[in-house]
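What the coordinates show
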Amino acid sequence: MTADDAHGRLDDDDYPAYTMGRAAEMIGTTAGFLRALGEARLITPLRSEGGHRRYSRYQLRIAARARELVDQGTPIEAACRIIILEDQLEEAQRINAEYRRAAAEGRPPSAD
């Protein structure tokens with residue numbers, strides 16, 4: 001990978017650019033909290049060649065949402081479940097809107 005490729009990937013929300021320590025620092029939490037989110041299967045960090053956890057900006061946004069809920073007194077397992085259900089609802093609403101648009105235009109819905 002060239003330097004230009006690496007810089008281009010930093011704009012990618014899914015690129016695992018952050019180490020566990022940096023990720024925890026960025027969202028104001030601990031490495032243990034990030035590990036707990038992984039154990040609850042809210043986020044699954046990628047692993048470097050050396051086996052270290054690496055987080056993307058997208059994963060950090062999800063972790064920050066979980067942290068907000070936990071800071072408000074929600075147990076971590078419940079916070080993870082809430083976020084998963086919110087994301088599923090958002091996706092279902094997006095699909096429903098696409099079906100409605102397709103029906104209004106008299107065409108089949110897209111396959112994505």
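Use the structure listed above.
Residues numbered from 1 in each chain as written. Predicted model: local features only at pLDDT ≥ 70, side-chain atom pairs only at ≥ 80, totals over all residues. Heavy atoms only, no water.

**Concerning the packing of helix H3 (residues 31–39) against helix H4 (residues 57–71)**
- With their axes 11 Å apart at the nearest point, H3 and H4 run at an angle of 105° to one another. On the basis of the axis angle, H3 is roughly perpendicular to H4. Contacts between H3 and H4 involve Phe33, Leu34 and Leu37 from the former and Ala63, Ala66, Arg67 and Val70 from the latter.
- A breakdown of the residues in the contact of H3 with H4 according to their chemical character gives 6 nonpolar, no polar and 1 charged. (Axes fitted to C-alpha atoms, helices over the stretch in contact; angles between N-to-C directions. Helix = DSSP H or I, 4+ residues; strand = E, 2+ residues; numbered from the N terminus. Parallel < 35°, antiparallel > 145°, perpendicular 65-115°, else oblique. Contact = heavy atoms within 4.5 Å. Nonpolar A, V, L, I, M, F, W, Y, C, P; charged D, E, K, R; others polar.)

**Let's talk about the side chain of Thr74**
- As for its position among the elements, Thr74 is in the loop between H4 and helix H5 (76–105).
- Assessed through its relative accessible area of 18%, Thr74 is described here as buried.
- Other than its neighbours up to four places away in sequence, Thr74 contacts Leu69, Ala79 and Ile82. (Buried < 20%, exposed > 50% of the residue type's maximum accessible area, 1.4 Å probe, protein only.)

**Points about the pattern of salt bridges**
- A complete count under the given rule lists 10 salt bridges for this structure.
- A salt bridge links Asp13 to Arg61; the nearest nitrogen and oxygen atoms lie 2.8 Å apart. Here Asp13 is found in the loop between helix H1 (3–9) and strand S1 (18–19), whereas its partner Arg61 is found in helix H4, with 48 residues between them in sequence.
- In this structure Asp13 comes out as partly exposed when scored by relative accessible area, which is 30%. (Salt bridge = Lys/Arg side-chain N within 4 Å of Asp/Glu carboxyl O.)

Interpretation in functional terms is not warranted from these geometric data alone.
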